[in-house]
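# Examination of the molecular architecture
Chain residues, written in single-letter form:
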Amino acid sequence: MLLVKCLVVPPLDANCYIVAAEGAREAAVIDPGGAGEGIRDSVAQADLVVAAILLTHGHFDHMTAAVELAISSGAPVYAHPADAGMLARPQAQMPGVVDDSVPGVKEMRPVEEGDEIEVGDLRMTVLETPGHSPGCVCYLTEGAIFTGDTLFAGGIGRTDLPGGDFEQLRASLRDKILPLPDDTKLYPGHGLPSTIGEERRTNPWLADL
Ligand SMILES: [Zn+2]
Ligand SMILES: [Zn+2]
């Protein structure tokens, strides 16, 4: 069984997930946006420790607490190298939004398609899903997928930001996401959770893939 806790973090209401195998102490924190304090409190309240920090992509709304959490926990930060430039300088993505004191991610463990990241009893498989940004990945674990801004309940990620590519996003959805079983739980980077089956039936962006 999977334990999933969702925190909605500022400034763009991104979903930060704390994920652990039930009964285990080691947790993965996926997309720590906002500040680290609330995330740390939540991890401690659940009697967990941060063992890995997983980033779905380099946009600032998903990563501003990554370095702070890495320092306080000693956990490595995993991300795709294609978004390394964005991660290193989050302030450059949207001037005036990210405080100058927020450290960019400069040290990370690069992930690529098929990588398996072990977090306690949990195994996270990396799917490369470029399109929303060049370095977008999804993390697949037992019966659940964390899609960042690649796929939402009822929507898909925008592709008008630097490095975005609509056709590439469509190919990622068709080749990596749609083959998953219908009962796979979907935990997106913004908004409510869903399932792959529900999105297959109702998400208009998937209809012609
Ligand atoms: Zn994004
Ligand atoms: Zn986002």
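For the structure itself, look to the data block above.
Residues numbered from 1 in each chain as written. Chains lettered and ligands numbered in written order. Predicted model: local features only at pLDDT ≥ 70, side-chain atom pairs only at ≥ 80, totals over all residues. Heavy atoms only, no water.

This brings us to the sheet that holds strand E3 (residues 26–30). Across a sheet, strands are paired by hydrogen bonds formed along the backbone, either parallel or antiparallel in direction. Spatially, E1-E2-E3-E4-E5-E6 is the arrangement adopted by the six strands of the open sheet, whose pairing is mixed. Across the chains shown, the open sheet's two edge strands, defined by having one partner strand only, are strand E1 (2–9) and strand E6 (109–110). Those strands touched by helix H1 (residues 36–45) are E1, strand E2 (14–21), E3 and strand E4 (49–54), and its axis lies near 155° from that of E1. Its contacts with the sheet put helix H2 (residues 66–73) on E3, E4 and strand E5 (77–79), and the angle it makes with E4 is roughly 145°. (Pairing = 2+ DSSP bridges. Helix = DSSP H or I, 4+ residues; strand = E, 2+ residues; numbered from the N terminus. Contact = heavy atoms within 4.5 Å. Axes fitted to C-alpha atoms, helices over the stretch in contact; angles between N-to-C directions.)

Quick look at the coordination of the zinc ion (ligand 1) now. Distances from the zinc ion (ligand 1) to its protein donors, His57 (NE2), His59 (ND1), His132 (NE2) and Asp149 (OD), fall within 2.1 to 2.3 Å. Coordination geometry of the zinc ion (ligand 1): the four donor atoms subtend angles of 89 to 170° at the metal centre, consistent with an arrangement described as irregular. The sequence motif formed by the donor residues of the zinc ion (ligand 1) is H-x1-H-x72-H-x16-D. Between the zinc ion (ligand 1) and the zinc ion (ligand 2), a spacing of 3.5 Å is present, and a bridge between the two is formed by Asp149. You can see His57 sitting in the loop between E4 and H2 and its partner His132 sitting in the loop between strand E8 (122–128) and strand E9 (137–141), a full 75 residues away along the chain. Per residue, the accessibility class of His57 equals that of His132, and both read buried. (Donors = N, O, S within 2.8 Å, 3.2 Å for Na, K, Ca; no water. Tetrahedral: all angles 85-135°; square planar, octahedral: opposite > 155°, others 65-115°. Buried < 20%, exposed > 50% of the residue type's maximum accessible area, 1.4 Å probe, protein only.)

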